[in-house]
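Listed below, chain by chain, are the residues.
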Amino acid sequence: MREVSLLPQSFYRRDAREVARELLGKRLRHGPVVLEITEVEAYVWPDDSACHNRFGKTERTAVMFGPPGRAYVYLCYGLHQMLNVVTNEVDEGAAVLIRSCAPVDGLDEIEARRGGKRGPVLLTGPGKVGQALGVDTSFSGHPLYRRGGLEVHDGPAPAAILAGKRVGIDYARPEHRDAPWRYAIADSPWVSQRAGLG
DNA sequence: ACAAGGATCCTCT
DNA sequence: GAGGATCCTTGTT
């Protein structure tokens, strides 16, 4: 790929919604696989009844309350590895969920990990991103701003961004369930559940 | 120690 | 559009 251009830890030390919007177009890299981030969701501090921080700091969510710029990976429905990026200051539990990506490099590896599938179905959904990238809960706490292993690099800013409601959080209070904290690159085919984005 | 439910994906209809 | 897979985290007893 191009020049090494890791995002600094300071990039992540602010509100999750701001980090989420700016992560669009950036690159996730893990070994031969390089992905462009195309869709994200912000889970914010301090008041968000959809966020895992709603029970306070627990064993699982402790990394969310730690330093920004680290991975927060958790298991969903017993089988999906969900990759998040920790934001905000220490002791503030917030993160950005990576929902969809587009392939940049390592397509053979991506397709192999995704069962030989082709096209947008490869990477449009958070469980798919985790599988294609080859991450699991053992990556939780891994610093993304240092070289080695899973990394986040700079990338071209998108021309236009769409926002909409977050997906799969019907249990949250209305003001959080309906908040437009999901962001995607406009006109990208690599976006899940396009309905609801505007 | 237990029961409940989940920031999803795939297959089939 | 509906349902099952699959197991960990959490709150409660």
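Residues numbered from 1 in each chain as written. Chains lettered and ligands numbered in written order. Predicted model: local features only at pLDDT ≥ 70, side-chain atom pairs only at ≥ 80, totals over all residues. Heavy atoms only, no water.

## Here's the deal with the protein's contact with DNA strand C
The local shell around DNA strand C consists of F55, T58, R60, T61, L75, Y77, G78 and L79. When atoms of DNA strand C within 4 Å of the protein are sorted by moiety, sugar and phosphate together comprise 83%. One of the side-chain N or O atoms of T58 is found 2.4 Å from a phosphate oxygen in DNA strand C. Y77 is positioned such that a nitrogen or oxygen atom in its backbone is 2.6 Å from a base oxygen of DNA strand C. Partitioning the surface near DNA strand C into residue classes produces four nonpolar, three polar and one charged. (Near = heavy atom within 4 Å. Polar contact = N/O pair within 3.5 Å; in protein donor to acceptor, adjacent residues only side chain to side chain. Nonpolar A, V, L, I, M, F, W, Y, C, P; charged D, E, K, R; others polar.)

## Notes on the packing of aromatic side chains
In total, this model carries three aromatic pairs according to the counting rule given. Aromatic side chains F11 and Y12 sit 5.1 Å apart centroid to centroid with 80° between the ring planes, which places their arrangement in the edge-to-face category. Y12 matches F11 in its accessibility class, with the two residues each being buried. For the pair W45 and F65, a centre-to-centre distance of 5.8 Å together with 85° between the ring planes defines the contact as edge-to-face. On the criterion of sequence distance, the pair formed by W45 in the loop between strand 2 (33-43) and strand 3 (71-76) and F65 in the loop between strand 2 and strand 3 is long-range, its members being 20 residues apart. (Phe/Tyr/Trp six-rings, centres within 6.5 Å; stacked < 30°, edge-to-face > 60°. Buried < 20%, exposed > 50% of the residue type's maximum accessible area, 1.4 Å probe, protein only. Helix = DSSP H or I, 4+ residues; strand = E, 2+ residues; numbered from the N terminus.)

## Quick look at the protein's contact with DNA strand B
DNA strand B sits among 20 residues. The nearest are H80, N84, G127, G168 and Y171. Take the atoms of DNA strand B that sit within 4 Å of the protein: sugar and phosphate atoms are 55% of them. H52 places a side-chain nitrogen or oxygen 3.1 Å from a phosphate oxygen of DNA strand B. Take P126: an N or O atom from its main chain is 3.1 Å from a phosphate oxygen of DNA strand B. Counting only elements with at least two residues in the surface near DNA strand B, the list comes to strand 4 (80-86), strand 5 (95-105) and helix 3 (126-133). Within the surface near DNA strand B, the residues separate by chemical class into ten nonpolar, seven polar and three charged.

## Focus on the pairing of strand 6 (residues 150-153)
The alternating pattern of strand 6 places L150 and V152 and E151 and H153 on opposite faces, both of which are buried. In this structure, strand 1 (residues 27-30) lies alongside strand 6, joined through four bridges in antiparallel fashion. If you follow R27 over to strand 6, its bridge partner there is H153. (Pairing = 2+ DSSP bridges.)

## Examining the environment of Y43
As for its position among the elements, Y43 is in strand 2. Each C-alpha atom, one on Y43 and one on N53, is 8.7 Å from the other, the two residues being ten residues apart in sequence. Those residues in contact with Y43 that sit more than four places away from it in its chain are A16, D48, A50, C51, A94, A95, L97, R166, V167 and I169. (Contact = heavy atoms within 4.5 Å.)

## Comments concerning unusual backbone geometry
In this structure, P46 follows W45 across a cis peptide bond, with omega equal to 5°. Even without being glycine, Q193 reaches a positive phi, approximately 45°.

## Points about the environment of R147
Inspection of the secondary structure puts R147 in the loop between helix 3 and strand 6. A residue is classified by how much of its surface remains accessible, and R147, at 56% relative accessible area, is exposed. Measuring from C-alpha to C-alpha, the distance between R147 and S5 comes to 9.8 Å, with 142 residues separating the pair along the chain.

## Re the pattern of salt bridges
Applying the stated criterion across every chain, the model contains 16 salt bridges. In this structure, E36 engages R27 in a salt bridge whose closest nitrogen and oxygen atoms are separated by 3.8 Å. The closest approach of N and O atoms between D178 and R177, which form a salt bridge, is 3.6 Å. D178 gets classed as partly exposed once you look at its relative accessible area, which sits at 35%. Salt bridges sharing common partners tie together E39, E41, R99 and R182. (Salt bridge = Lys/Arg side-chain N within 4 Å of Asp/Glu carboxyl O.)

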